[in-house]
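Fold and contact review
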Amino acid sequence: MIVTIDNPPVNALGAEVRQGLWDAIGAAEDPGVKAVVIHAAGRTFPAGADIREFGKPPADPWLPDLCNRIEACDKLVVAALHGTALGGGFEVALACHTRIALASAKVGFPEVNLGILPGAGGTQRAPRLCGAQEALTLMIEGKPIDAPTAMAMGLIDGVVEEDLLEQAILLAGMLVEEGKPLRRSGECRDGFRDPIGYEAAIRAARAVKRDPNLPAPGRIIDCVEAALLLPFENGLGYERAAFEDLVASEASAGLRHAFLSERRAGHIPEAHATPREIAQAGVVGGGLMGAGIATALLGAGLHVTLVEADRERLAAGLGRIDDLHERAVKRGRLSADAREAEWDRLGGTTDLAGLGAADLVIEAVTEDEALKAGVFRDLDRVMKPGAVLATNTSYLDVDDLARVTDRPADVVGLHFFSPVQAMRLVEVVAAAKTAPEVVATGFALAKRLGKVAVRAGVCDGFIGNRMLTAYRMAADILLEEGAAPAEVDAAMRDFGFAMGPYQVADMAGLDISWARRKRLADSRDPAQRYVAIADRLCEAGRFGQKTGAGYYRYAEGSRTPEEDPAVADILQAERSARGIEPRRFGKVEIRQRCLFAMVNEGAKILAEGIALRPSDIDVVMLAGYGFPRWRGGPMKAADRLGILQVRNALRGWAADEPFWTPAPMLNDMIKNGRHFDDMNAEEAQKS
Ligand code: CAA
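Thresholds, definitions, all that
Residue positions are given per chain, counted from 1 along the sequence in the order it is written. Whole-chain, interface and lining totals are the exception, using all residues; otherwise, since this is a predicted model, local features are given only for residues with pLDDT of at least 70 and side-chain atom pairs are given and counted only at 80 or more. Hydrogens and water molecules were not included; the side-chain quantities draw on all heavy atoms of the structure. Strands are runs of DSSP state E lasting at least two residues, helices are runs of H or I lasting at least four, and both sets are numbered from the N terminus onward. The globule rule is 2.2 Å times the number of residues to the power 0.38, and the radius of gyration it is compared with is taken over C-alpha atoms. Only protein chains enter the area calculation, which uses a 1.4 Å probe; residues under 20% of their type maximum are buried, those over 50% are exposed, and those in between are partly exposed. In this analysis, two residues are considered to be in contact whenever any of their non-hydrogen atoms come within 4.5 Å of each other. Accessible areas in this description were obtained via Shrake-Rupley with a 1.4 Å probe; residue shielding takes into account the shown protein chains only. Charge counting follows a simple rule: Lys and Arg are positive, Asp and Glu are negative, and His as well as the terminal groups are ignored. For the purpose of locating charges, the reference atoms are NZ of Lys, CZ of Arg, CG of Asp and CD of Glu. The length a helix should cover is 1.5 Å for every residue beyond the first. Cysteine sulfur atoms are paired as a disulfide whenever they come within 2.5 Å of each other. Here, a salt bridge means any Lys or Arg side-chain nitrogen found within 4 Å of an Asp or Glu carboxyl oxygen. Aromatic pairs are defined between Phe, Tyr and Trp rings, using the six-membered ring for Trp, whenever the two ring centres lie within 6.5 Å; interplanar angles under 30 degrees are classed as stacked, those over 60 as edge-to-face, and all others as tilted. Charge-over-ring placement is defined geometrically: NZ (Lys) or CZ (Arg) within 6 Å of the ring centre, and within 35 degrees of the ring normal. Counting of polar contacts relies on pairs of N or O atoms within 3.5 Å, with two restrictions inside protein: one atom must be capable of donating a hydrogen and the other of accepting it, and residues adjacent in sequence are counted only when both atoms are side-chain atoms. A fitted line through C-alpha atoms represents every axis, and for helices the fit uses only the stretch in contact; the resulting angles, taken between N-to-C directions, go from 0 to 180 degrees. For classification purposes, an angle smaller than 35 degrees is called roughly parallel, one larger than 145 roughly antiparallel, one from 65 to 115 roughly perpendicular, and anything else oblique. Any residue outside Ala, Val, Leu, Ile, Met, Phe, Trp, Tyr, Cys, Pro, Asp, Glu, Lys and Arg is labelled polar, Gly included; the first ten of those are nonpolar and the last four are charged. An automatic or database domain assignment supplies the residue ranges for each domain. When two components associate, each loses some accessible surface as probed by a 1.4 Å sphere; the sum of these losses over both components is called the buried area. Here, proximity means that at least one heavy atom of the residue falls within 4 Å of the molecule or strand. Residue types Ala, Val, Leu, Ile, Met, Phe, Trp, Tyr and Cys, when buried and joined through side-chain atoms within 4.5 Å, form a set referred to as a nonpolar core.

With respect to the overall build of the chain
Across its full length, the chain holds 29 helices and 16 strands. Computed over the C-alpha atoms, the radius of gyration of the chain is 28 Å, within 12% of the 26 Å expected from 2.2 N^0.38 for a compact globule of 687 residues. Along the first, second and third principal axes, the C-alpha set of the chain runs to 85 × 60 × 55 Å. Burial statistics for the chain: of 687 residues in total, 54% are counted as buried. Across the chain, every contact between residues at least 6 apart in sequence was considered, and the portion connecting residues at least 24 apart equals 73%. When the accessible area of the chain is evaluated, it comes to approximately 29,700 Å², of which 53% is carbon and sulfur surface. The positive charge centre, built from 80 side chains, and the negative charge centre, built from 96, are 2 Å apart in the chain.

Right, here's the structure in full:
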């Protein structure tokens, strides 16, 4: 009997699929059925449980019961795997008696990335087949492995190059013919051959220091240990309890939101447009950003031409790309051959005319309006018709840049984040006249680069830098009113950021934003609060780590921040100059002020239509600014706390400082009993 799972796009094991499989196994009881082959239509064997069902009332049949029923079936059940057999999909396969896969297939347990564990017997069946060490690596790292590796580990039984279904049917026939007893994973003891090594692997995994906010790895270790210590049925019960705890945890809710939000971000009004073909790209500007972008483009298989103003700068830019390659090779992320191939696809020139054949150019010169406008005027002259003209500006008006060209429909913002190789975010900035296929090209390119794209409208700072500015303003007000940089940083690390805002500022350098503030000084709204602490630090030559001093001081050659009495003096002088009596702020108030400032700005960004939906703002903060992923993003965090609490706190603080005035959207949401997530759902329905 052949059972085909058909639930596009990834054959997720939703209630209907589970019911279908349940019925199919029931039908296999028919004496005429000799064996069952389970395979999937479309691009993949099930890529997991249906994530959208988590947190909702469970619908029968449960996946664990289904897996047990498959395993208990007295007819041979063969799984034929292709694509990405992940999570619950791989658990279904492990419950089958034999597994055969296409060589290109990948299998694995990515549940940990969603803050949960394999909850359909995976923690009990996998270690019985492959032992603790490998099962733990698979489940704790959450990275898929290829079929031949899984076969070497004993997790699958055969690999074929093609004709998967035919081969699976042949294999089933052969095994039925042989008449050997069925191999049930739950009864297998191969992985227990070395119980001492098994326990040693458990101990070693427990000894690793892990983020206390993420409970899943610890529970995985417990379950894998239980596999050795408890009878199979009890182990399944143990796994079930751990799974249910984790599904209900804050971390899992945040991580699931992050996963679904990243996918939802791709649902854009331009999704129907066909992206333009991009094979050859140009990058103008070989600084840190330009070199990073060029390296990313090379990594995605494109031909890249780097353009710089003169030979010296060009050599420096190419040198930066070389350094990035060198680092990638040292860290094992790039092979020597691949490096060679990428280098062969790289060219450099000091003449923009060299970009005549490029399908796309990304301008990444210094953030200066006149300079960028000049580059765009020149690009308009040299680029072929139909080429995409992108700017990596972080703040400037993309409409203004489009306007200097005769082809505004081809102009788009592609805002990458530094360091490009580490930051997954690209803001795709759609200007007033950007053509739908150009926006779609930005999204397609980001996907090709392995990055996540979020659509943003034109405004000063788009989504991310506007959120960052609000966060920094909240933090700066805290400093001016009495907090120390180290207190703010510690509170935000406690919240889950890897670094606080002043550690980040010292690392990035204070001079760039100082230059920007000086440039914008004349256009600043005098009615708005301006905190001048950063200016005072820069005036004292404190540009951050690179000068050994910023918000902190750094010992020669060290990157460890130390509190500096000189900064305390500067802070005190600023407070006195403004007649502020310093007070102490507790950790909770610090993090609330920083978070609520972001939420308030997010509400304004939404009201202005700069972001399509709240979850896009979350994605920006998670993928581009180090917001703790397990919290799901600032808008998700606000939903959890309750909009009323956020608004009331803002209103209280606004009595002394208008910066905190709640955005009108928050008041409307309270009146209508709405959450940000309601808007995500509505947007999802529209697209
Ligand atoms: N449930 C529901 N929807 C899913 C899904 C899942 N497990 N996996 C993917 N999708 C959806 C995506 O949301 C996306 O939807 P839209 O088209 O509406 O945007 C669509 O499938 C395609 O996904 P991608 O854009 O991610 O496609 P891709 O080709 O880049 O990647 C993939 C495919 C590798 C399967 C990737 O989607 C992925 O990693 N999925 C998650 C796998 C996973 O975590 N599985 C474990 C689930 S938990 C579980 O199974 C628990 C258990 O033990 C019971």
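A short note on helix α18 (residues 464-481)
For α18, spanning 18 residues, the distance from its first C-alpha to its last is 26 Å, which sits close to the expected 26 Å at 1.5 Å a residue. The buried fraction of α18 amounts to 16 of the 18 residues, a majority that puts the element mostly inside the structure. Positive phi shows up at Gly 482, right after α18, with a value of about 140 degrees.

Considering the state of the cysteines
In the structure shown here, the tally under the stated rule is 0 disulfides. Note on Cys 96: no disulfide assigned, nearest cysteine sulfur contributed by Cys 67 at a separation of 8.2 Å.

Looking at the pattern of salt bridges
In total, this model carries 50 salt bridges according to the counting rule given. One salt bridge in this structure joins Glu 480 and Arg 529, with 2.8 Å as the shortest N-O distance. One end of the pair, Glu 480, is in helix α18; the other, Arg 529, is in the loop between α21 (511-520) and α22 (533-539), with 49 residues separating them in the sequence. For Arg 529, a relative accessible area of 19% translates into the label buried. Overlapping salt bridges bring together Glu 480, Glu 481, Arg 529, Arg 578 and Glu 657 as one network.

Quick look at the packing of aromatic side chains
One pass over the full model with this rule turns up 13 aromatic pairs. On the basis of an interplanar angle of 65 degrees and a centroid distance of 4.9 Å, the ring pair of Trp 653 and Trp 660 is categorised as edge-to-face. With a relative accessible area of 12%, Trp 653 lands in the buried category. Between Phe 659 and Trp 660, the ring centres sit 4.9 Å apart and the planes meet at 75 degrees, which makes this aromatic pair edge-to-face. Here Phe 659 falls in the partly exposed class, since its relative accessible area comes to 22%. Feature note: the residues Tyr 471, Phe 495, Phe 497 and Phe 627 constitute an aromatic cluster, connected by ring pairs. One Lys or Arg, Arg 69, reaches over the ring of Trp 22 and ends 4.4 Å from the middle of that ring. Over the aromatic face of Trp 514 sits the side chain of Lys 518, whose NZ or CZ is 3.5 Å from the ring centroid.

Describing the side chain of Arg 18
Mapped onto the elements, Arg 18 comes out in helix α1 (residues 15-27). By relative accessible area, Arg 18 is classed as buried at 6%. Among the polar contacts listed, one links the side chain of Arg 18 to the side chain of Glu 53, at a separation of 3.0 Å. Those residues in contact with Arg 18, other than ones at most four positions away along the chain, are Leu 13, Glu 53, Ala 59, Pro 61, Trp 62, Leu 63 and Leu 66.

Topic: the packing of helix α4 (residues 122-130) against helix α10 (residues 232-247)
Running from N to C, α4 and α10 point in directions that differ by 130 degrees, and their axes come no closer than 8 Å. If you check the angle between α4 and α10, you find them oblique. Every residue of α10 that contacts α4 at Gly 122, Thr 123, Gln 124, Arg 125 and Arg 128 is listed here: Phe 232, Gly 235, Leu 236 and Glu 239. Of the residues in the contact of α4 with α10, the class split is 2 nonpolar, 4 polar and 3 charged.

Focus on the domain arrangement of the chain
Assigned domains of the chain: these are domain 1 (2-248), domain 2 (280-462) and domain 3 (465-686). Put simply, the middle of domain 2 and the middle of domain 3, counted by C-alpha atoms, are 29 Å apart. Opposite the 19 residues of domain 2 that make contact, domain 3 presents 16 residues. Between domain 2 and domain 3 lies a buried interface of about 1,500 Å² when both sides are counted; carbon and sulfur atoms form 57% of it. Three residues, Tyr 395, Val 454 and Arg 455, lead the burial of domain 2 against domain 3; their summed loss comes to 31% of the area buried on that side. One can count 1 salt bridge joining domain 2 with domain 3. In this structure, the salt-bridge partner of Asp 460 is Arg 516, at a minimum N-O distance of 3.7 Å. For the pair domain 2 and domain 3, the interface holds 6 residue pairs in polar contact (both at pLDDT 80 or more). Put simply, the parts of the chain that give the side of domain 2 that touches domain 3 at least two residues each are β15 (425-429) and β16 (452-456). In terms of residues, the side of domain 2 that touches domain 3 owes the most to one element, β16, which gives 4 residues.

Topic: the site of the ligand
Close contacts around the ligand come from 25 residues, with Arg 43, Ala 49, Gly 88, Glu 91 and Arg 263 the closest. A distance of 2.8 Å separates a nitrogen atom of the ligand from a polar backbone atom of Ala 47. Ala 49 places a polar main-chain atom, nitrogen or oxygen, 2.8 Å from a nitrogen atom of the ligand. Protein contacts shield 77% of the accessible area of the ligand, which totals 980 Å² for the unbound molecule. When residues of the shell around the ligand are traced back to their parent elements, those giving at least two are α3 (88-95) and α11 (250-264). For the shell around the ligand, the class distribution of residues is 13 nonpolar, 6 polar and 6 charged.

A closer look at the packing of helix α19 (residues 485-495) against helix α24 (residues 587-607)
One way to put it is that α19 packs onto α24 with a least axis distance of 9 Å and a crossing angle of 80 degrees. Judged on the interaxial angle alone, α24 and α19 are roughly perpendicular. Mapping the contact onto sequence places Glu 487, Val 488, Ala 490, Ala 491, Met 492, Asp 494 and Phe 495 in α19 and Lys 587, Ile 590, Arg 591, Cys 594 and Leu 595 in α24. Its residues assigned to classes, the contact of α19 with α24 comprises 8 nonpolar, no polar and 4 charged.

Here we look at the nonpolar core
Among the nonpolar cores identified, the biggest contains 99 residues, and Val 284, Leu 379, Met 383, Ile 463, Tyr 551 and Phe 676 are the most heavily contacted of them. Sorting elements by how many residues they give to this core places α24 first, with 10 residues. Three or more residues apiece are contributed to this core by two domains, here domain 2 (280-462) and domain 3 (465-686). If we ignore the near neighbours within four places in the chain, the residues touching Leu 379 are Val 284, Leu 352, Leu 355, Val 361, Leu 389 and Arg 407.

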